[in-house]
Amino acid sequence: MTVRPVVNRDSAFFWEGTAAGELRIPRCNACGTLRFPPGPACRACPAYDMGWVVASGLGTVFSYVVHRHPPVPGKELPLVIALLDLDEGVRMVGEVVDAPDDTIAIGDRLCVDFRRIDDELTLPAWRRA
Ligand code: ZN
C-alpha cells in the first residue's frame, strides 16, 4: 500500500504528466506566471485560465527532512523529503531516492525521475543530478 495523492480537476494534468514521464508545472495562460502547487487561479493576476509547461526536471535542495519514525505505508525508512527550488523558479516537495540520508545537503542539485506505482499512479522521485 502506498500513500496516494489527491487527484482532482486542478491536479489531474500533473499526474497525467508523471505517467508520461513529464514534470508539469501550472502556468497562467493570461500572464505566464508559474505556480505550484496546482490550483484553479493565478496568484499574480485575476485569471482562472491555467495551462502548464513541462519543467526541465532539475532543481536545488532548499531544505529537507529525514523521516525516521513513525512508519509510512509502502515506504522504507529513513525517508528523505526535500523542499526543492526548480530551475523554473517554483518550489516543490519531493522524495529523494538513492541518497543515503547523511549525504543530502542544502544546495545539492537533483533531477527528477519517475516511479510507476500502478496503472493509475506514477510518483516523481528525485536523485542526484
Ligand atoms: Zn496570471
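Because the structure is predicted, anything quoted here is derived from the model rather than measured.

Caption draft 1: Representation of the pattern of salt bridges within the structure. For the coordinates displayed, the defined rule picks out nine salt bridges. Across the salt bridge formed by R24 and E22, the nearest N and O atoms sit 2.9 Å from each other. Residue class for R24 comes out buried when judged on its relative accessible area of 11%. Looking at E22, the relative accessible area reads 25%, which means it is partly exposed. Between R116 and D119 there is a salt bridge, and its shortest N-O distance comes to 2.3 Å. We classify R116 as exposed; its relative accessible area is 55%. We classify D119 as exposed; its relative accessible area is 72%. Linked by salt bridges that have partners in common, D98, D113 and R127 make up one network.

Caption draft 2: Up close: the pairing of strand β1 (residues 24–28). Counted residue by residue, β1 has four buried out of five residues, so it is predominantly covered. In this sheet, strand β2 (residues 50–54) lies alongside β1 in antiparallel orientation, the contact comprising five bridges. Along β2, the bridge assignment pairs P26 with W52.

Caption draft 3: Representation of the coordination of the zinc ion within the structure. At the metal site, the zinc ion is ligated by C28 (SG), C31 (SG), C42 (SG) and C45 (SG), and these contacts range over 2.3 Å. Considering all four donor atoms around the zinc ion, the spread of angles at the metal, 106 to 115°, places the coordination shape in the tetrahedral class. Coordination of the zinc ion draws on donor residues from a single chain, spaced C-x2-C-x10-C-x2-C in sequence. Here the residue C28 occupies a position in strand β1, and C45 occupies one in the loop between β1 and β2, the gap between them amounting to 17 residues. The exposure class assigned to C28 is buried, which follows from its relative accessible area of 2%.

Conventions used here
Residues numbered from 1 in each chain as written. Predicted model: local features only at pLDDT ≥ 70, side-chain atom pairs only at ≥ 80, totals over all residues. Heavy atoms only, no water. Salt bridge = Lys/Arg side-chain N within 4 Å of Asp/Glu carboxyl O. Buried < 20%, exposed > 50% of the residue type's maximum accessible area, 1.4 Å probe, protein only. Helix = DSSP H or I, 4+ residues; strand = E, 2+ residues; numbered from the N terminus. Pairing = 2+ DSSP bridges. Donors = N, O, S within 2.8 Å, 3.2 Å for Na, K, Ca; no water. Tetrahedral: all angles 85-135°; square planar, octahedral: opposite > 155°, others 65-115°.

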